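# Observations on the model geometry
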Amino acid sequence: MLIWGWQKRIHTLAMITLVCGNCGNPAAHALRKLVTKFTLFFIPLFPISTKHSLECTWCGASSNVSGDRVNELLAQANSGGMPGQYQQPAPQQPNAQWPQQPNAQWQQPNAQWPQQPTPGTPNADRQQY
């Protein structure tokens, strides 16, 4: 009696920062390799097929990658510069979205709201029991 079958293994080759085609977010993508091997008595002998895919870690979308593109992505992941990596644009001036001084109307206490009493003075508006 022969016991044969196949076994699938997933290997993560690299983590690359790319802009996702599905959600549009600049996120880490896992470059994965799926290897299907023929097994005899539960021992993997030789690969039957190999497939590569990119999976977005933000939305979980997955897309198949061709063999020649895999080499480009691995070279991009292993290089220091990583061309095509998303980078946020630098602001024009420091804290450009926040005003430097608070608005003048917020500097004056509002007359509609009662002021807190100073410590040690009795509260006239509080009822004594």
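Rules used throughout
Residues numbered from 1 in each chain as written. Predicted model: local features only at pLDDT ≥ 70, side-chain atom pairs only at ≥ 80, totals over all residues. Heavy atoms only, no water. Pairing = 2+ DSSP bridges. Helix = DSSP H or I, 4+ residues; strand = E, 2+ residues; numbered from the N terminus. Axes fitted to C-alpha atoms, helices over the stretch in contact; angles between N-to-C directions. Disulfide = S-S within 2.5 Å. Buried < 20%, exposed > 50% of the residue type's maximum accessible area, 1.4 Å probe, protein only. Salt bridge = Lys/Arg side-chain N within 4 Å of Asp/Glu carboxyl O. Expected span 1.5 Å × (residues − 1). Arc of directions from axis to C-beta. Contact = heavy atoms within 4.5 Å.

## Topic: the sheet that holds strand β2 (residues 26–40)
The strand order β1-β2-β3-β4 describes an open sheet built from four strands, whose pairing is antiparallel. The open sheet is flanked by β1 (4–19) and β4 (62–65), the only strands paired with a single partner. Ignoring strand direction, the axes of neighbouring strands in this sheet form an average angle of 30 degrees. In this structure, strand β3 (residues 43–56) lies alongside β4, joined through four bridges in antiparallel fashion.

## As for the state of the cysteines
Taken as a whole and assessed by the stated rule, the structure comprises zero disulfides. Cysteine cysteine 20 is unpaired, with the sulfur of cysteine 23 as its nearest cysteine sulfur at 3.7 Å. A relative accessible area of 7% means that cysteine 20 is categorised as buried. Sulfur of cysteine 59: no disulfide; nearest cysteine sulfur belongs to cysteine 20 and is 3.8 Å away.

## Focus on unusual backbone geometry
Even without a glycine there, the phi angle at phenylalanine 41 is positive, about 55 degrees. For phenylalanine 41, the position within the fold is in the loop between β2 and β3. In the Ramachandran plot, phenylalanine 42 falls in the positive-phi region, its phi being about 65 degrees despite a non-glycine side chain. Relative to the helices and strands, phenylalanine 42 resides in the loop between β2 and β3.

## Topic: the pattern of salt bridges
Oppositely charged side chains can pair when the atoms bearing their charge come close. According to the stated counting rule, one finds two salt bridges in the structure shown. The shortest N-O distance in the salt bridge between glutamate 55 and arginine 32 comes to 2.4 Å. Of the two residues, glutamate 55 is situated in strand β3 and arginine 32 in strand β2; the sequence distance between them amounts to 23 residues. As a salt-bridge pair, arginine 69 and glutamate 72 come within 3.3 Å of each other at their nearest N and O atoms.

## Details of the pairing of β2
In this structure, β1 lies alongside β2, joined through 15 bridges in antiparallel fashion. If you follow lysine 8 over to β2, its bridge partner there is threonine 36. With antiparallel pairing between neighbouring strands as the criterion, β1 and β2 make up a hairpin whose turn holds six residues, including glycine 24 at a positive phi of roughly 80 degrees.

## Considerations on helix α1 (residues 67–78)
Across its twelve residues, α1 extends 17 Å between first and last C-alpha, which sits within 8% of the 16 Å expected from 1.5 Å per residue. Three or more residues of α1 are buried, namely Val70, Leu73 and Gln76. Buried residues of α1, viewed axially, fall in a sector of 125 degrees; they line one side. Turned more than 90 degrees away from the buried face of α1, the exposed residues are Asp68, Asn71 and Asn78. Those residues of α1 that are buried are in contact with β1, β2, β3 and β4.

Purely spatial values, then, with no claim about function.
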